[in-house]
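Inside the fold
What follows is the residue order along each chain.
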Amino acid sequence: MKLMKILKDNLLLILLTILIGGSGFYFLILHPKFRITHAPKLLKAVVVIKTNKLDYATNERLVITPDDDPVLQAVVIAKQHGDSEPTYFSVSKHLKIDGKMIPDDRVQPWDTFKWKEVRILWFKIEPIIKPGKSSEPFSYRNVEYKSQFQYNWPLQWTHKLDVNGFANTYPRQNFGFMRFRIRAEIKESIVNVVQKCYSPGTDEVDAANIISDKVFGIQYAPDKTPFGYVVSLFNLAYIPKIDFSSFQKGKDPVTEKIAVDSVSYFTEGIKMAGHSEIAQGNLGALRKHIRIIMKGIHLDKKKGIYIDKNGKSVKTNKLEKGMFILDSHRIGMYAGEGSFAVGQLHILTPDDRVLYAPGLPLYYEEFGSYFEGPFSIGEFQ
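We now turn to the structure provided with this report.

Definitions and limits used
Residues numbered from 1 in each chain as written. Predicted model: local features only at pLDDT ≥ 70, side-chain atom pairs only at ≥ 80, totals over all residues. Heavy atoms only, no water. Phe/Tyr/Trp six-rings, centres within 6.5 Å; stacked < 30°, edge-to-face > 60°. Helix = DSSP H or I, 4+ residues; strand = E, 2+ residues; numbered from the N terminus. Lys NZ or Arg CZ within 6 Å of the ring centre and 35° of its normal. Buried < 20%, exposed > 50% of the residue type's maximum accessible area, 1.4 Å probe, protein only. Salt bridge = Lys/Arg side-chain N within 4 Å of Asp/Glu carboxyl O.

**Re the packing of aromatic side chains**
Pairs of aromatic rings are described using the distance from one ring centre to the other and the angle between the two planes. According to the stated counting rule, one finds 25 aromatic pairs in the structure shown. Pairing tyrosine 306 with phenylalanine 375 gives two aromatic rings, centres 5.5 Å apart and planes at 65°, and the pair type is edge-to-face. Of the two residues, tyrosine 306 is situated in strand β18 (residues 305–307) and phenylalanine 375 in strand β23 (residues 375–380); the sequence distance between them amounts to 69 residues. The cationic tip of arginine 330 hangs over the ring face of phenylalanine 371; the distance from NZ or CZ to the ring centre is 5.1 Å.

**A look at helix α4 (residues 264–272)**
Among the nine residues in α4, seven count as buried, and that is most of the element. Those residues of α4 lying buried are Ser264, Tyr265, Phe266, Thr267, Glu268, Gly269 and Ile270. Of the residues one or two after α4, glycine 274 is the one with positive phi, at around 110°.

**Thoughts on the pattern of salt bridges**
Under the definition given, this model contains 14 salt bridges. For lysine 53, the salt bridge is made with aspartate 68, and the minimal N-O distance between the two is 2.9 Å. Of the two residues, lysine 53 sits in the loop between β1 (41–50) and β2 (57–58) while aspartate 68 sits in the loop between β3 (63–64) and β4 (71–79), which places them 15 residues apart along the sequence. Taking relative accessible area as the criterion, lysine 53 reaches 55% and is therefore assigned exposed. Measuring nitrogen to oxygen at the nearest pair gives 3.3 Å for the salt bridge that ties lysine 257 to glutamate 268. Remark: glutamate 268 occurs in helix α4 and lysine 257 occurs in the loop between β15 (237–238) and β16 (259–260); sequence separation between them is eleven residues. Of the residues examined, lysine 257 reaches a relative accessible area of 8% and is grouped as buried. If you follow the salt bridges from partner to partner, you end up with Arg119, Arg183 and Glu185 in one network.

Laid out in C-alpha cells, this is it:
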C-alpha cells in the first residue's frame, strides 16, 4: 500500500523520468543506428552546375562566364525504403539531367536528421599526352586521363566553380575546360564506409580511348568573345600539330574537348564565336578572314618599344584584346599591357602580353620573347 501511494504521488515525475530516459536511449543508442540502416540506398551520383541565369541545375555541357556565378553541385540518386522510384537528392529544387527535367516531386534535399549525412568527395579529370608521345602524330591512344582528388575542398554538396589545371605544368588559372567526378559515401565510423556511389569518371572511355560525354565537363571563359573562347580551351592536352583531316566531322580531339594544337586554339575560338566555316587547325584559312590594320611592326631595340613601318610607336589604345598578331609562320592574340609594369606606357613594348602557344600550352606570354618583328596586327572579319 505504501509503495502504491508513493507511485501515485509521484506518477508525473515517474512518467517524466521514463520519457526522458526513453528519449535519451533512443537518441543516443537507437537513432544513430537507424540513421544508417534506414538511409536510402545510394544508386549513382551526378555532377551538375547551377548558374544565376537558370532556375535549374544541369549536367549539360555549357560555356559559362564569371557573370553566371557558377556553382558545382552534387546530385545523389537513391531509393528510399518502400519507394519504387528513385529520389534525386539535391540542394537545388529543379534539376535537368541528361537533357530531361526531373519531376519536382522526385527532387528533395537529403535529410541529415533522419539519415546519416552523405560526404561528397570531389575529383578533377584532365587529359594529357603520355610521356614520350608528344612528338608523334596525335592519336587518342596516346592520351591519358588523369584524376586528382581535391583534398582541400570541403566534403559538401556544393563548391564554387574551380577549373584550375593540375596535370600540366601550366597554365594555372581559373579558366578553361575541366571534367569532374564525385564519390558520395555514408560512413559508420572514420574507416567504415557502409554505402558509396560514383558519378562517371576516367573508366568511361570507348574502344578508341575517347572519354565519354557522360563525364561531367564545363567550359569556363572570361567572357563570350573570341578571346574568351580561346582562353576557355586551357587544360586540354597539348600537342604541337594535329592532322585534322584524319578525323570524322565532330570527332576531332578539339570538338571532343580532349586535345588541341597551336593553331586550333584560335580556329576553335573563332568557330565558337559563330564562324563555323573556318576549317579546324587551318592557319591559312584563318588568315584569309583577318583584316590587317597595322603592318611591318618591329621592335626598336634602342628605344625598347615597337614601331610600325613608318617608324611611329604602336599605341595600345588602338589595340583591343583578341586582335590577331601574325608573322610569317606564327599566330597569337593581343592580351593587354604588361600586368607587372609599374605605370603602363600605353605603347606596345616587349613586356606586354600576347596569348600564344610557344611549343607549350597556350598562355599569356611576353611579346618580346617571341615576336620581334616584322609582324602584322589584324582583326577577324
